[in-house]
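Survey of secondary and tertiary structure
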Amino acid sequence: MTTEIYVERDGYIATLVLNRPDKRNSLSKAMFQAIVDNLEILREDSSVKVLIVRGVNDIAFCSGADISEFLDIRYAAENAKAYNDLALKAIDALYKFPQPTIAMIQGLAIGGGLELANACDFRLATPKSKLGITAANIGIIYNLESTKRLINIVGVAKAKEILYTANSFTAEEGKNIGLITALHEPVQIEEATLQFAKLLLSKSSVANAGIKKIIQAIVDGETEESEELAQMILDSFNSDDYNEGIQAFLNKRKPTFNK
């Protein structure tokens, strides 16, 4: 597994780090595979309750896919399909990660970098961060799944503007259109992200995981509860978290949920 993607742990918080600073964390094919591999390991680890995704430094979250590979392994439709399938598998694995996910955006989040961030539940950034999707600059069509995800976040009109123009925009502009959850100064972004992760961690992991499944089902077009979702909701009433939450409410104290 490449060292250009690695995982750090801080208790129940895992951090997926993009570690290719000389290329502004642009994503190679090997890195897409490493994202898939690492997320498969993390999703099977029941001690992971929150996932942060970040770049290794403050220059870039991710500047997109590595264009230097395009003429070799992403040239012509046959090669492009295999590459695209792997890239989408990595993005989808992040989108479907069972616990809350936070993108900590420092510097650039362009193209595939913003696509990766949009697969997270939350996006925290600094005023210096630059965002954009530049597919129209290199003559490729942005995929349906990520386009739908973008539309779900910012709406049809803004998604068209972002995609048609391929212009970069500031994180402050991103916050104004609902793309960025919160802005923090560069010296505060790491601590602010950690504190936000700890806030999520202080809540019921049963509730958080269930909330994520319910919201994704709605976003993906479900209008009625499936048997699986209905059972998940009923099971929550038998959970230790439910008992602790009720007892805490009745005794006027903050709940302490098991992890």
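Check the entry above for the structure.
We now turn to the structure provided with this report.

With respect to the pattern of salt bridges
Scanning the entire structure with this criterion turns up 10 salt bridges. With its nearest N and O atoms 3.0 Å apart, the salt bridge here joins Arg-9 to Asp-45. Here Arg-9 is found in strand β1 (residues 5-10), whereas its partner Asp-45 is found in the loop between α1 (29-43) and β3 (50-55), with 36 residues between them in sequence. We classify Arg-9 as partly exposed; its relative accessible area is 39%. Lys-96 is the partner of Asp-92 in a salt bridge, and the nearest nitrogen-oxygen pair spans 3.3 Å.

Side note on the environment of Leu-179
For Leu-179, the position within the fold is in the loop between α8 (171-176) and β10 (182-183). On a C-alpha basis, the gap between Leu-179 and Arg-123 in space is 7.3 Å, while along the polypeptide they are 56 residues apart. The residues touching Leu-179, leaving out its near neighbours within four places in the chain, are Leu-114, Asn-118, Arg-123, Leu-131, Leu-150, Ile-153, Val-154, Phe-169 and Gly-174.

Concerning the pairing of strand β5 (residues 101-105)
On any regular strand, side chains alternate: one points to one face of the sheet, the next to the other face. Within β5, five of the five residues are buried, which leaves it mostly tucked inside the rest of the structure. Burial along β5 is two-sided: Thr-101, Ala-103 and Ile-105 facing one way and Ile-102 and Met-104 facing the other are all buried. Sheet topology note: the β3/β5 ladder contains four bridges and is parallel. Residue pairing across strands places Val-53 opposite Ala-103, the latter belonging to β5. With four bridges joining them, β5 and strand β7 (residues 122-125) adopt parallel strand pairing.

So, the packing of helix α6 (residues 144-154) against helix α7 (residues 156-165)
Where α6 contacts α7, the axes come no closer than 7 Å and their chain directions differ by 125°. Taken as axis vectors, α6 and α7 run oblique relative to one another. Relative to α7, the crossing made by α6 is right-handed. Between α6 and α7, the residues in contact are Thr-147, Leu-150, Ile-151 and Val-154 and Val-156, Lys-158, Ala-159, Ile-162 and Leu-163, respectively.

Points about the pairing of β3
Burial within β3 is extensive, with six of its six residues counted as buried. Residues of β3 alternate between two faces, with Val-50, Ile-52 and Arg-54 on one and Leu-51, Val-53 and Gly-55 on the opposite face, all of them buried. Each parallel crossover has a hand, and the one from strand β2 (residues 13-18) via α1 to β3 is right-handed.

Section: α6
Buried residues of α6: Ser-146, Thr-147, Arg-149, Leu-150 and Val-154, and no others. Looking down the long axis of α6, one finds its buried residues gathered within 160° of arc, a one-sided arrangement. Taken from the residues just after α6, Gly-155 is the one with a positive phi, measuring 95°.

Quick look at the sheet that holds strand β6 (residues 108-110)
Read from one edge to the other, the open sheet built from four strands follows the order β4-β6-β8-β9, with strand pairing classed as mixed. Of all strands in the sheet, those with a lone pairing partner are β4 (60-62) and β9 (169-170), marking the two edges. Of the pairings in the sheet, the one linking strand β8 (residues 130-132) to β9 comprises two bridges and is antiparallel in character. Paired with Lys-130 across the strands is Thr-170, a residue of β9.

Comments concerning a nonpolar patch on the surface
A cluster of nonpolar side chains, contributed by Leu-234, Phe-237, Tyr-242, Ile-246, Phe-249 and Leu-250, occupies part of the molecular surface with about 660 Å² of accessible area. When residues of the nonpolar patch are assigned to their parent elements, the largest contribution, four residues, is made by helix α12 (residues 240-250). Tracing the backbone shows Leu-234 in helix α11 (residues 227-236).

With respect to the nonpolar core
Of all hydrophobic cores here, the largest spans 47 residues; its most connected members are Leu-39, Leu-51, Val-53, Phe-61 and Ile-105. With eight residues, the single largest contributor to this core is helix α3 (residues 76-95). Membership of the second largest hydrophobic core comes to 11 residues, among which are Ile-102, Ala-197, Leu-200 and Leu-201.

Description of the side chain of Lys-49
Summarising the element assignment, Lys-49 is placed in the loop between α1 and β3. For Lys-49, which is buried and forms no salt bridge, the nearest opposite charge comes from Asp-241, at a distance of 7.7 Å.

Remarks on the environment of Ala-90
You can see Ala-90 is positioned in helix α3. Classification of Ala-90 as buried rests on a relative accessible area of 0%. Sequence separation between Ala-90 and Ile-162 is 72 residues, and the spatial gap between their C-alpha atoms is 22 Å. Setting aside residues no more than four positions away along its own chain, Ala-90 makes contact with Phe-32, Ile-35, Val-36 and Leu-39.

The rules behind each value
- Residues numbered from 1 in each chain as written.
- Predicted model: local features only at pLDDT ≥ 70, side-chain atom pairs only at ≥ 80, totals over all residues.
- Heavy atoms only, no water.
- Salt bridge = Lys/Arg side-chain N within 4 Å of Asp/Glu carboxyl O.
- Helix = DSSP H or I, 4+ residues; strand = E, 2+ residues; numbered from the N terminus.
- Buried < 20%, exposed > 50% of the residue type's maximum accessible area, 1.4 Å probe, protein only.
- Contact = heavy atoms within 4.5 Å.
- Pairing = 2+ DSSP bridges.
- Axes fitted to C-alpha atoms, helices over the stretch in contact; angles between N-to-C directions.
- Parallel < 35°, antiparallel > 145°, perpendicular 65-115°, else oblique.
- Left-handed = near helix turned anticlockwise from the far one by under 90°.
- Right-handed = clockwise from strand over helix to strand, strands pointing away.
- Arc of directions from axis to C-beta.
- Patch = residues over 30% accessible without salt bridge, like charges linked within 9 Å, V, L, I, M, F, W, Y side chains within 5 Å.
- Areas by Shrake-Rupley, 256 points an atom, 1.4 Å probe, with all protein chains shown as cover.
- Core = buried A, V, L, I, M, F, W, Y, C linked by side-chain atoms within 4.5 Å.
- Lys, Arg positive; Asp, Glu negative; His and termini not counted.

Worth remembering: the numbers are spatial, not functional.
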